[in-house]
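Here are the chains, one letter per residue:
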Amino acid sequence: MKRPKSVALVGGGNFSSSSLAGFWSLPELLGPVKASSFRLASRIANSLRAGYPVKDYREFEACALILISVPDQALGRVIAGLASSRISWQGKSILLCSAWRASCDLREFIPRGASIASIATIPGASDIEYLIEGDKRATQAAKRLVETRERRSLTIDRGLKPLYLAALTCTSSLLFPLVMAASESMRRAGVPQALANGILEKQLSRCLRSYTRAGRRAYQPPSEFSSQLRALYATDSELAHYVERASQLTEQFLAGHQNHKIAAAR
């Protein structure tokens, strides 16, 4: 007698590059697959080489774990559909597969008895491949899907993923304008673009190495900053204002952080 499948999937979007392909135990455990159309559900099951398409959420009733892997803009519609279904949520776990959304998006299922979590790949990590965030029961179910002897995951409590994402934002979206400002300053100094890119890459790498070694102590205030600002204001006032304001905010943040540490130590 075949063992009943314990995992259901709500899928959508392009599954050719989906992180679900790395869930090593999914082919053995996946059963019903639901999507916005039966045809799409069939394509998803074929892409994963696991599971079978279904037309109704009622097919999820026998499954202990429900995966949601849809584009972020479709998540609200999927949650509404699941919430309005007649599934008994007591004892079930729901795992949201998303880089930027978190388990808090599933909070309406908590009073119904479900355990919630989210999972995302960790960029740049060599030995830890996934970040799992949420309730204990759901995170344990997620770990059983993805962990092997060679592949580990990092687990954090429910509600903390936005803090992790803030770190990624600081080193991407928020860092990007500073890199642009540095590149523009190089251009105005007459440094060839190819050479400037190499210099900036080394500067960024050196900054990161210094911080990993010494933390806050590695910070050094900029030297001869007033003359740099004068030169920038003479050539590009908007760029100069951005750099000056970034410096002011940096000093304010570091001073406030230091005061907070002193107050906590008392």
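The structure under discussion appears in the preceding block.
Residues numbered from 1 in each chain as written. Predicted model: local features only at pLDDT ≥ 70, side-chain atom pairs only at ≥ 80, totals over all residues. Heavy atoms only, no water.

Peer 1: Just give me the short version of helix H8 (residues 225-235), but keep the residues and values in it.
Peer 2: Listed in full, the buried residues belonging to H8 are Phe225, Leu229 and Leu232. In an axial view of H8, the angular spread of the buried residues amounts to 65°, which keeps them on one side of the axis. Those residues of H8 that are exposed and aimed more than 90 degrees away from the buried face are Arg230 and Ala234. (Buried < 20%, exposed > 50% of the residue type's maximum accessible area, 1.4 Å probe, protein only. Helix = DSSP H or I, 4+ residues; strand = E, 2+ residues; numbered from the N terminus. Arc of directions from axis to C-beta.)

Peer 1: Any chance you could break down the side chain of Asp236 for me, citing the residues and the numbers?
Peer 2: With respect to the helices, strands and loops of the structure, Asp236 is situated in the loop between H8 and helix H9 (237-265). On the basis of relative accessibility, which here comes to 18%, the residue Asp236 falls in the buried class. One polar contact links the side chain of Asp236 to the main-chain amide nitrogen of Leu239, over a distance of 3.1 Å. (Polar contact = N/O pair within 3.5 Å; in protein donor to acceptor, adjacent residues only side chain to side chain.)

Peer 1: Go over the pairing of strand E6 (residues 115-121), please, and point to the residues and values.
Peer 2: Burial of E6 is extensive: six of the seven residues sit out of reach of the surface. Note: strand E5 (residues 93-97) against E6, five bridges, orientation parallel. Across the sheet, Leu96 pairs through a bridge with Ser118, a residue of E6. For E6 and strand E7 (residues 128-134), the ladder comprises five bridges, and the chain directions are antiparallel. If you follow Ser118 over to E7, its bridge partner there is Glu133. The loop that links E6 with its antiparallel partner E7 comprises six residues; one of these, Gly124, has a positive phi angle of about 85°. (Pairing = 2+ DSSP bridges.)

Peer 1: Help me get a handle on the pairing of E7, residues and values and all.
Peer 2: The buried fraction of E7 is high, at five of seven residues. Of the pairings in the sheet, the one linking E7 to strand E8 (residues 152-157) comprises six bridges and is parallel in character. Of the residues in E8, the one forming a bridge with Leu131 is Leu154. Crossover E7 to E8 through helix H4 (residues 136-146) is right-handed. (Right-handed = clockwise from strand over helix to strand, strands pointing away.)

Peer 1: Can you break down the layout of surface pockets residue by residue, with the values?
Peer 2: In this structure, the largest pocket occupies an estimated 2,700 Å³ of space. Along the walls of the largest pocket sit 45 residues, with Leu175, Leu178, Cys207, Tyr219 and Thr250 positioned nearest its centre. Residue assignment for the lining of the largest pocket shows that the elements contributing at least two residues are helix H5 (161-170), helix H6 (176-188), helix H7 (193-214), H8 and H9. Of all the elements, H7 adds the most residues to the lining of the largest pocket, at ten residues. Along the lines of polarity and charge, the residues of the lining of the largest pocket split into 29 nonpolar, 13 polar and three charged. (1 Å grid on protein atoms, 1.4 Å probe; cavity = no way out; pocket = protein on both sides within 12 Å on 5 of 7 lines; lining within 4 Å. Points joined across faces, edges and corners; volume = space filled by probe spheres on them. Nonpolar A, V, L, I, M, F, W, Y, C, P; charged D, E, K, R; others polar.)

These values are about where atoms sit, not about what they do.
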